[in-house]
There are 2 protein chains.
Amino acid sequence: MTIHAYAAKEVGGKLEPFDYEPGSLGLEEVEIEVKYCGICHSDIMIVDDEIGISQYPVVPGHEVIGTVNAVGEGVQNLQIGQQVGLGWLSHSCMSCEWCLAGDHNLCQSAQPTIIGHYGGFADKVRAHHKWVFPLPDALNPQTAGPLFCGGITVFNPIVQLNIKGSDRVGIIGVGGLGHMAIQFLSAWGCEVTAFSTSADKEAEARNLGADHFVNSSNPTAIKELTNSFDVILSTVNADLDWESYVAALRPRGCLHFLGITPHPIAVQMISLLLGQKSISASPVGSPSVVEQMLNFVARKQLQPMVEFYPFEQVNEAMDRLREGKPRYRIVLQR
Amino acid sequence: MTIHAYAAKEVGGKLEPFDYEPGSLGLEEVEIEVKYCGICHSDIMIVDDEIGISQYPVVPGHEVIGTVNAVGEGVQNLQIGQQVGLGWLSHSCMSCEWCLAGDHNLCQSAQPTIIGHYGGFADKVRAHHKWVFPLPDALNPQTAGPLFCGGITVFNPIVQLNIKGSDRVGIIGVGGLGHMAIQFLSAWGCEVTAFSTSADKEAEARNLGADHFVNSSNPTAIKELTNSFDVILSTVNADLDWESYVAALRPRGCLHFLGITPHPIAVQMISLLLGQKSISASPVGSPSVVEQMLNFVARKQLQPMVEFYPFEQVNEAMDRLREGKPRYRIVLQR
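Below: a short report on this structure. Just so you know, these numbers come straight off a predicted model, no measurement behind them. (Residues numbered from 1 in each chain as written. Chains lettered and ligands numbered in written order. Predicted model: local features only at pLDDT ≥ 70, side-chain atom pairs only at ≥ 80, totals over all residues. Heavy atoms only, no water.)

**A few points about helix α10 (residues 287-300) of chain B**
Residues spaced three or four apart along an α-helix point in a common direction, a consequence of the helix completing one turn every 3.6 residues. Residue and element names in this part refer to chain B. Taking 1.5 Å per residue, 14 residues should reach 20 Å; α10 reaches 20 Å between its end C-alpha atoms and fits that length. If you check which residues of α10 are buried, you get Pro-287, Val-289, Val-290, Met-293, Leu-294, Phe-296, Val-297 and Ala-298. Each element contacted by the buried residues of α10 is listed here: β9 (132-134), α4 (150-160) and α5 (178-187). At the exit of α10 stands Gln-301, carrying a positive phi of roughly 55 degrees. (Helix = DSSP H or I, 4+ residues; strand = E, 2+ residues; numbered from the N terminus. Expected span 1.5 Å × (residues − 1). Buried < 20%, exposed > 50% of the residue type's maximum accessible area, 1.4 Å probe, protein only. Contact = heavy atoms within 4.5 Å.)

Take a look at the structure:
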């Protein structure tokens, strides 16, 4: 059997048709027939080898929606033909302390779907069954792909930081991650403030559920918000005046990062100490948290805002994302 | 009635005898007859106006042990003659959301004992009854003073970070704070590693309960400890290679600061993100946490290691602390 994929054969390379033989299916593996696949900024990051861990050829694609095409002999929980999703991670060891504790996302040998493994820009992709999730019937499969990386990235801190419906939450960036964070936290009950440098996103942010909108290209706006937020989630890959955002936290507040900043975060210790504040960050969630998200999103009828491209136009779609133009995610479809 | 105190009349000034009239005792206030008073680095910080918030004359002293000399009409829980302690804070508003939630230490109008208020280098000192704590009988009043600032500073994160007996905890600095942190965390059940640049403190650190000792003047020692600690508490007022300490954290680990660093903390975001790590800091604890500490310390028969000076030699004692020489705290006594 041959899998037909799109791959970058060198750093920053255009995606080209690439066929490979996947070998026999592992005992605990699932093969998914790919119907839709979101494009995430980290696909570009790995194609471009921005953090030095890429392995070529790179087959991007880690926001997969499809149907189960085959299961290994040890797979009990998934059936052929079932509609499923797959995200950033496709395997973990299942035996270390983190996997045992339900924190499989922190497993030191967790396997990203697109590093040393061929991803979802393909007709088929494989993964361990614990990282393949049945899609709730109430979710639209066309738009669900971005939940499996972008979505879980913004949902995970809700669980990890124990965010409550009474919390005041700031969300920095109204983009691929931020537009989902606004929806999730608004539905979670929080008072949501969206920060964006794009004033033209205000109406959309409010439609998504933001109670307040702050134009963060105005440097004094954030300074007027001292002592306002229980949590601030940064979804941007930019260097901002983090000291101002720490000052905007209430006592016990947390400035939490989901995007990687170009330069180190630098904060005066006394800014954290007096109000018992913290700075933290988190990656994608564990299987248990992915399932919590899927159920929550299905029940609340939330969905990513998506632009569609056919798989054949994957390079055009990648270029559009490189230019930061999508509102807000791109999904490839057959 | 006149209170006889020692005060610095100007920035960095020597302490001189200073008498003041305290006026009538507030309804909810307690007057303490001071028997012992610890000296803390923050007494020097306020005498020297290091953070620009001092009000002169400064009467230092916020690790007070004494007996109740008088109580206001609204004070029900303390009796004349009872042995009590008083720490960094002496009043809070008692009505804001933080006071209501039991987090009086985060009250925005909490009153430090030695800023805009006269402290415990005196024959008497006053405070709100909620900030005056009965001393358990099992505690030695001679050495208990330093528990009320240094002690609660290192105990508070045990509660705030929910540190468990199975945790691996690193403690940076074996000094006024660190020597108490080692005792507390060892008694709490943790596996304790002490970091110090003073190799000659190893035996003492182990006697206090450290399971391991790392000479942190060796820059490679910390680099060999990646993925080792659930929590690292920094008790030092120094700039270290924080990136190495973050790398020494296990997934979900926290680098927590109790000392104020001269320069901002700077950390690469990806170092936090992959392992879901955090950087945080905390001030002294709330009344409820002070009581938890006193009961724990009394039950475990822990105590600060103390050098004694008579009140009349307060300037010599302050000089010794400025030189970093005490092992590990100084207590003034009558």
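**Here we look at the packing of aromatic side chains**
Taken as a whole and judged by the stated rule, the model has 24 aromatic pairs over all chains. Pairing A:Phe155 with A:Phe184 gives two aromatic rings, centres 6.1 Å apart and planes at 75 degrees, and the pair type is edge-to-face. Of this pair, A:Phe155 sits in helix α4 (residues 150-160) while A:Phe184 sits in helix α5 (residues 178-187), and the two are 29 residues apart along the sequence. Take A:Phe155: its relative accessible area is 1%, and that puts it in the buried class. Both rings, one in B:Trp242 and one in B:Phe257, keep their centres 4.7 Å apart while their planes meet at 75 degrees; by these two values the pair is edge-to-face. In this pair, B:Trp242 is assigned in helix α8 (residues 242-247) and B:Phe257 in strand β14 (residues 249-257), connecting sequence segments 15 residues apart. Relative accessible area serves as the criterion here: at 4%, B:Trp242 is assigned to the buried category. Taken together, the ring pairs in this structure connect A:Phe195, A:Phe229, A:Trp242, A:Tyr245 and A:Phe257 into an aromatic cluster. (Phe/Tyr/Trp six-rings, centres within 6.5 Å; stacked < 30°, edge-to-face > 60°.)

**Concerning the side chain of A:Arg250**
With respect to the helices, strands and loops of the structure, A:Arg250 is situated in strand β14 (residues 249-257). The class for A:Arg250 is buried, based on a relative accessible area of 7%. Within polar-contact distance, the side chain of A:Arg250 engages the side chain of A:Asp230 at 3.0 Å. Excluding residues within four positions of it along the chain, A:Arg250 makes contact with A:Arg168, A:Asn227, A:Ser228, A:Phe229, A:Asp230, A:Lys277, B:Glu97 and B:Trp98. (Polar contact = N/O pair within 3.5 Å; in protein donor to acceptor, adjacent residues only side chain to side chain.)

**Re the relation of the copies chain A and chain B**
Laying chain A over chain B is done by rotating through 180 degrees and shifting 0.0 Å along the axis; what remains is an RMSD of 0.0 Å. Interpreted geometrically, this transformation is the action of a two-fold axis. Every residue of chain A has its C-alpha some distance from the rotation axis, and the shortest such distance is that of A:Ala266, at 2.1 Å. With an isologous cut-off of 70% or more, the 100% of interface residues of chain A that recur at the interface of chain B puts this contact in the isologous class. (Least-squares fit on C-alpha atoms with pLDDT ≥ 70 in both.)

**Quick word on the side chain of A:Ser92**
All names here are of chain A. Here Ser-92 shows up in the loop between β6 (89-91) and α2 (97-100). Given a relative accessible area of 8%, Ser-92 falls into the buried group. Looking at Ser-92, its side chain comes within polar contact range of the side chain of Trp-131, at 3.0 Å. The contact partners of Ser-92, leaving out residues within four places of it in the chain, are Cys-99, His-104, Cys-107, Ser-109, Ala-110 and Trp-131.

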